[in-house]
Amino acid sequence: MTETTEIGLPKGILACLFDLDGVITKTAVVHAAAWKETFDDFLRQRDGTDFRPFDDVTDYDEYVDGRPRADGVHTFLASRGIELPEGEPDDPPDAATVHGVGNRKNALLLELIRTSGVEAYEGTVRYVEAVRAHGLRTAVVSSSANCRDVLRSVGAEHLFDTRVDGIVAAERGLPGKPRPDTFLAAAQDLGVERHEAAVFEDALAGMDAGRAGHFGYVVGVDRVGQSAALYAHGADHVVKDLAELLERP
């Protein structure tokens, strides 16, 4: 059994790399709702009333959760045997392209955030504050292009020393999760080696990225009852809330 410190991490971990949606903020359910509305509308128009709906649990977890927006469109549509032209990043939301479908989802997401608001997980905030009090550096690593605005909306931007999100990844040409490149970039920004960094993720694609990057520790956050899947995809330890790590013996 790995010997852990009072913040629930192995000795030698110097930095913590946190996903945003579902780990820091309660936005995973909002993303799932936006994806469902987007894909159901698309499939209904394509296949008629007999279309097979997007499942906002199994399809969301398997094909879109944690992935960059365009990758999520590609991966889900491929699961249904559908191909679309790539299009351009600024395609309008009604365009029949990968980027058009992705932009339709983002417009719905922003509307849901405006009408419903965003909350942070109190246990995560407590944990990040404890980590920083122990001298560890922190990063937020998200495929979302709205990451900074979401952090600001919950007053949490100051808790992270660096941010590698969808905008930064595009600027640097970094492939998204399940590739480990965004997490590796965050570790580099913080001045630590991969084995000195812990990854915190709720998405299966994020677990895959943590395993592929050979990080020092990978913590799965189980918000939806998928503990076994998180372990299968590379988690070293799974919790329902990050505050549990402060209570480990």
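A few points on the structure.

Rules and cut-offs
Residues numbered from 1 in each chain as written. Predicted model: local features only at pLDDT ≥ 70, side-chain atom pairs only at ≥ 80, totals over all residues. Heavy atoms only, no water. 1 Å grid on protein atoms, 1.4 Å probe; cavity = no way out; pocket = protein on both sides within 12 Å on 5 of 7 lines; lining within 4 Å. Points joined across faces, edges and corners; volume = space filled by probe spheres on them. Helix = DSSP H or I, 4+ residues; strand = E, 2+ residues; numbered from the N terminus. Nonpolar A, V, L, I, M, F, W, Y, C, P; charged D, E, K, R; others polar. Buried < 20%, exposed > 50% of the residue type's maximum accessible area, 1.4 Å probe, protein only. Contact = heavy atoms within 4.5 Å. Axes fitted to C-alpha atoms, helices over the stretch in contact; angles between N-to-C directions. Parallel < 35°, antiparallel > 145°, perpendicular 65-115°, else oblique. Left-handed = near helix turned anticlockwise from the far one by under 90°. Pairing = 2+ DSSP bridges.

Taken as a whole, the largest pocket spans an internal volume of roughly 700 Å³. Looking at the largest pocket, it is lined by 37 residues, and the ones nearest its centre are Arg67, Pro68, Arg69, Ser143 and Gly166. Going through the elements one at a time, helix H1 (28-47), helix H2 (58-64), helix H3 (69-79), helix H4 (98-116) and helix H7 (166-172) are the ones with two or more residues in the lining of the largest pocket. Here the lining of the largest pocket takes six residues from H4, the largest share from any one element. A class-by-class count of the residues in the lining of the largest pocket yields 14 nonpolar, 13 polar and 10 charged. In this model, the second largest pocket occupies a volume close to 220 Å³. In terms of lining, the second largest pocket is formed by 17 residues, of which the most central are Ala28, Val29, Tyr60, Arg223 and Val224. Contributing elements (two or more residues each) for the lining of the second largest pocket: H1 and H2. Among the elements that make up the lining of the second largest pocket, the one with the highest residue count is H1 (three residues).

With respect to the helices and strands, Val128 occurs in helix H5 (residues 122-133). When its relative accessible area of 1% is taken as the criterion, Val128 is described as buried. Expressed as a C-alpha distance, the spacing of Val128 and Leu242, which sit 114 residues apart in the sequence, is 8.8 Å. With residues near it in sequence (within four places) discarded, Val128 still touches Phe18, Thr138, Leu159 and Phe160.

Their axes nearest at 12 Å, the elements H1 and H3 cross at an angle of 45°. The pairing of H1 with H3 is recorded here as oblique in orientation. Along this stretch, H1 crosses H3, giving a crossing that reads as right-handed. Counted together, Trp35, Phe39, Phe42 and Leu43 of H1 and Arg69, Gly72, Val73, Phe76 and Leu77 of H3 form the full contact between these two elements. When the residues that make up the contact of H1 with H3 are grouped by side-chain class, the tally is seven nonpolar, one polar and one charged.

Attention now goes to the packing of H1 against H4. Following both chains from N to C, one finds H1 and H4 inclined at 135°, their axes separated by 9 Å at the closest point. Taken together, the axis directions place H1 and H4 in an arrangement best described as oblique. In the packing of H1 onto H4, the handedness of the crossing is right-handed. Within the contact between the two elements, H1 uses Val30, His31, Ala33, Ala34, Trp35, Glu37, Thr38, Phe39 and Phe42 and H4 uses Val101, Arg104, Lys105, Leu108, Leu109, Leu112 and Ile113.

Further remarks concern the pairing of strand S1 (residues 15-18). For a regular strand, side-chain orientation follows a simple rule: the groups alternate between the two sheet faces. Burial along S1 is two-sided: the residues Ala15 and Leu17 and Cys16 and Phe18 are all buried. Note: S1 against strand S2 (residues 137-141), four bridges, orientation parallel. Among the inter-strand pairings, Leu17 is bridged to a residue of S2, identified as Ala139.

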